[in-house]
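# What the coordinates show
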Amino acid sequence: VLSSALLTAEDASSLQFSMGSVFVLLASIPMGIVSALKNGKWQDMLVMALATIGVTIPSFVIATALIYVFSYRLGWTPMYGVDKWQGYILPMIAMGGYSVSFLARLMRSSLLEVMGQDYIRTARAKGVTAPLHLAVDTGMSRIGYSCCEESLADIEKITKLVAAEVAKYFNK
């Protein structure tokens, strides 16, 4: 019984982690690209303000504010539990807030750095209209390095699950 309870808890945590990772990538990459392409304009200022807020506010404060607004006041999501798909929304946003902000800032700085390189300026001078894909490739490779750190959380979950099963086996 304990084993099945741990397994379902680990499945729910793994699903939340996976959905959070997808959310982080789907939110941070466009934010970074828009911010870099609109450098110095209101879009850049808005994205960087949101990214600064996301980096500075702890996730438990974001989670509390999200629960208050979307669960208590509006009633759109459940306050707790993951019985329905709506139960995954708030944890996904709360856990991904810092990562979205960090990766959006990283993507913006990478794109601005690459877009200022000589080969991009030369390509534009020769008439290439959209050398953006070269810059995005560079930015994505930098994001890939930072995403490796998040996979350590999966390894920790698997280790806990195996440790629980081993403890159950030896406690018979």
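Residues numbered from 1 in each chain as written. Predicted model: local features only at pLDDT ≥ 70, side-chain atom pairs only at ≥ 80, totals over all residues. Heavy atoms only, no water.

## Some remarks on the overall build of the chain
Stated formally: Numbering goes from the N terminus for both helices and strands, where a helix is a DSSP run of H or I of at least four residues and a strand is a run of E of at least two. The classification of residues rests on relative accessible area computed with a 1.4 Å probe and restricted to protein chains. Under 20% of the type maximum is buried, over 50% is exposed, and intermediate values are partly exposed. Note on contacts: a residue pair qualifies if any of its non-hydrogen atoms lie within 4.5 Å across the two residues. Note on areas: Shrake-Rupley, 1.4 Å probe, and residue coverage restricted to the protein chains presented here.
Within the chain one finds six helices and zero strands. For the chain, the succession of helices and strands along the chain, N to C, is α-α-α-α-α-α. Per-residue burial for the chain yields a buried fraction of 30% across its 172 residues. Once local pairs closer than 6 in sequence are excluded, the contacts in the chain between residues at least 24 apart make up 72%. A total accessible area of about 11,100 Å² is found for the chain, and carbon and sulfur atoms account for 68% of it.

## Quick look at the nonpolar core
Going by this rule: Nonpolar cores are built from buried Ala, Val, Leu, Ile, Met, Phe, Trp, Tyr and Cys residues. Side-chain atoms within 4.5 Å join them into one set.
Core analysis: the biggest nonpolar cluster contains six residues, these being Ile29, Ile33, Ala36, Met107, Leu111 and Met115. Sorting the residues of this core by element identifies helix H1 (2-37) and helix H4 (89-115) as the ones contributing at least two each.

## Some words on helix H3 (residues 59-73)
What counts here: A helix is expected to reach a length of 1.5 Å times the quantity of its residues less one. Two axes enter the bend calculation: one fitted to the seven residues ending at the residue in question, the other to the seven starting there, and the bend is the angle between them.
With 15 residues, H3 extends 20 Å between its outermost C-alpha atoms, agreeing within 8% with the 21 Å of an ideal straight helix rising 1.5 Å per residue. Its maximal kink placed at Ile67, H3 deviates by approximately 25 degrees. Buried residues of H3: Ile62, Leu66 and Ser71, and no others. Those residues of H3 that are buried lie in contact with H4. At the C-terminal side of H3, Gly75 shows a positive phi close to 70 degrees.

## Comments concerning the pattern of salt bridges
Note the cut-off: Whenever Lys or Arg places a side-chain nitrogen within 4 Å of a carboxyl oxygen from Asp or Glu, that contact is recorded as a salt bridge.
Scanning the entire structure with this criterion turns up one salt bridge. A salt bridge links Arg108 to Asp44, with the nearest nitrogen and oxygen atoms 2.8 Å apart. Placement of Arg108 in helix H4 and of Asp44 in helix H2 (residues 42-56) is noted, with a sequence separation of 64 residues between them. In terms of burial, Arg108 and Asp44 fall into one category: buried.

## Looking at a nonpolar patch on the surface
Note the threshold: Two distance rules govern patches: like charges are joined within 9 Å, and nonpolar side chains (Val, Leu, Ile, Met, Phe, Trp, Tyr) within 5 Å, applied only to residues with over 30% relative accessible area and no salt bridge.
Where nonpolar side chains cluster on the molecular surface, the patch consists of Ile67, Tyr68, Val69, Tyr72, Leu74, Trp76, Met79 and Tyr80 and spans about 910 Å² of accessible area. Along the chain, Leu74 turns up in the loop between H3 and H4. Its relative accessible area of 42% is what places Leu74 among the partly exposed residues.

## Thoughts on the packing of aromatic side chains
In this description, an aromatic ring pair is defined by two values, namely the gap between the centres and the angle between the planes. For clarity, the cut-off: Pairing of aromatic side chains requires ring centres within 6.5 Å, counting the rings of Phe and Tyr and the six-membered ring of Trp. Pairs whose planes differ by under 30 degrees are stacked, by over 60 edge-to-face, and all others tilted.
Under the criterion given, the structure shown has three aromatic pairs. With a centroid separation of 5.6 Å and an interplanar angle of 25 degrees, the aromatic rings of Tyr68 and Tyr72 are classed as stacked. Pair noted here: Tyr68 and Tyr72 are both in helix H3, with a separation of four residues, about one helical turn. Owing to a relative accessible area of 54%, Tyr72 belongs among the exposed residues under this scheme. With a centroid separation of 5.8 Å and 35 degrees between ring planes, the pair formed by Phe70 and Trp76 is classed as tilted. The exposure class assigned to Trp76 is exposed, which follows from its relative accessible area of 58%.

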